Structure formats: C-alpha cells, structure tokens
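# Examining the three-dimensional arrangement
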Amino acid sequence: MKKSQFFRLKTIIVSLCLIAFCAVQASAYMVKYKEDWYRLYHIHYQQKPDDCIENIYWLEKAVQADFANPLYANAKIDNEKQWEKYRYLFQMHLNLKLIEQHLRLGRIYDKKVAKFYDAPWKDEYIRNLEKALSCYQSGLYYWQEAQLWAEKANVKEFNFLYLTDLQYWEDERERIKNGELNYTKMLEREIKRVSQVRDEFLAMSSKNY
C-alpha cells in the first residue's frame, strides 16, 4: 500500500486531535506514557464517526509513546525477559485495536450496493466510499505492523514464558501464530468490493428519480 493512501485518513482527524490535545492539557493528570494513552481508549455502545476517530487518536498516541517504568506496566513484570515480551505484545495489541476501529469507521461510511435510484446522491456516496476505502487500506497497514510485533513475541526464547495477567493479548498472539486471526483476506475483500461500488457510482449519470 502506498504511503499516501495510508495517510489519507489523517485529514479526517485533524480537528479532533486539536480538541483532544486541549482536553488533555487541561487535565490535572499527565498523559505521557503508552499505558496512559491506552487507558483513554474505550468502546462506545453505539459508535458514531467521532467516537471511532477519538479512539483512533488515543491508540495512535499510545503506539508512538514511550513505555512507563515496568513498575507501572499493565501486568506484573519480574524480569527483563517478561518486560521485553510485554512490550512486543502491547504493540501488537494496539495495532489490532487500530484495525478494529478502522473497520468500525469504514462500515459507517460504507455503501454495500449501488442502486440505480441512488444516482441523485452519487457524489455524497462516492465521498463516503472513499473514506471507507481509506479505512480498510489503513487496516492493512496496521495488520502488517501487528504481525511484525506478534512475530517478535513468538520467538523461541518466549516459548514457555506467558504473561498470565495479559492472557487476552497472549491469545491474540497465538491466534496470529496459528493463522486463526488473519485480517488480510477480509480487508482485501472489502477494499475490492468498495472499489467496485465506487466505480459503479462514478459511471452513473446524475438522474433524478
């Protein structure tokens, strides 16, 4: 995927980033480390575009941030090997959550089928389909990142080292390892479908029905 395609979605979140930055600055709690940003991520009962974009912002900040001291990790850390695996699992998990949020956001803008009577609103549908396409393409980037971090956490030296406090993350790692968790086919299928629907709208004449 071209770098420009991945960053197309970034234009959607500029205004939210400014709002979130101001909110964080106004808070008495210093949000600095990866663990801090991750705690701001949360799932809404009914996710609207702004809710997904907000979560994407928190998760992106978490990916970029430094880790807190092992004393403040999201699991009990007793030695350097546990600390190393913890960091790999955390990065893997963050990228998987970013895939989930981009899928949620993409489905909000997605138009499954182009009907002939949609022609009067074709321009709006095309804009929304472009947003959905950008979300799914971004998902492929995050999937590549998640696989890389899972691979690091799957090396031989970690075969008998399990972070029991992070069993869900360990399960994600194992599912990636055995192929049970694989976003490639689904994302590529969605990208192909959305591209076809968009092309159908582009080929429509703007008739009024």
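Everything here concerns the structure above.
So, here is what we can say about the structure in this document. Remember, it's a predicted structure, so these values are computed and weren't measured experimentally. (Residues numbered from 1 in each chain as written. Predicted model: local features only at pLDDT ≥ 70, side-chain atom pairs only at ≥ 80, totals over all residues. Heavy atoms only, no water.)

For the protein, the count of helices and strands is eight helices and zero strands. Reading the secondary structure of the protein in the N-to-C direction produces α-α-α-α-α-α-α-α. Counting only residues that meet the buried cut, the protein has 48% of its 209 residues in that class. Considering only contacts in the protein between residues 6 or more positions apart, those separated by 24 or more positions represent 80%. A total accessible area of about 12100 Å² is found for the protein, and carbon and sulfur atoms account for 53% of it. (Helix = DSSP H or I, 4+ residues; strand = E, 2+ residues; numbered from the N terminus. Buried < 20%, exposed > 50% of the residue type's maximum accessible area, 1.4 Å probe, protein only. Contact = heavy atoms within 4.5 Å. Areas by Shrake-Rupley, 256 points an atom, 1.4 Å probe, with all protein chains shown as cover.)

Glancing now at the side chain of Arg 173. With respect to the secondary-structure elements, Arg 173 resides in helix 7 (residues 167-177). With relative accessibility at 5%, the residue Arg 173 sits in the buried group.

This part is about the packing of aromatic side chains. Summed over the entire model, instances satisfying the criterion amount to 19 aromatic pairs. Taking 6.2 Å as the distance between ring centres and 65° as the angle between the ring planes, the aromatic pair formed by Tyr 88 and Phe 158 counts as edge-to-face. Remark: Phe 158 occurs in the loop between helix 6 (122-153) and helix 7 and Tyr 88 occurs in helix 5 (residues 80-109); sequence separation between them is 70 residues. According to the relative accessible area criterion, Phe 158 is buried, its value standing at 3%. Chaining the aromatic ring pairs together yields one cluster made of Tyr 38, Tyr 41, Phe 67, Trp 83, Tyr 86, Phe 90 and Trp 169. A cation over a ring is seen here: Lys 34 above Phe 67, with NZ or CZ 4.7 Å from the ring centre. When the ring centre of Trp 149 is taken as origin, the NZ or CZ atom of Lys 152, which lies over that ring, is 5.8 Å away. (Phe/Tyr/Trp six-rings, centres within 6.5 Å; stacked < 30°, edge-to-face > 60°. Lys NZ or Arg CZ within 6 Å of the ring centre and 35° of its normal.)

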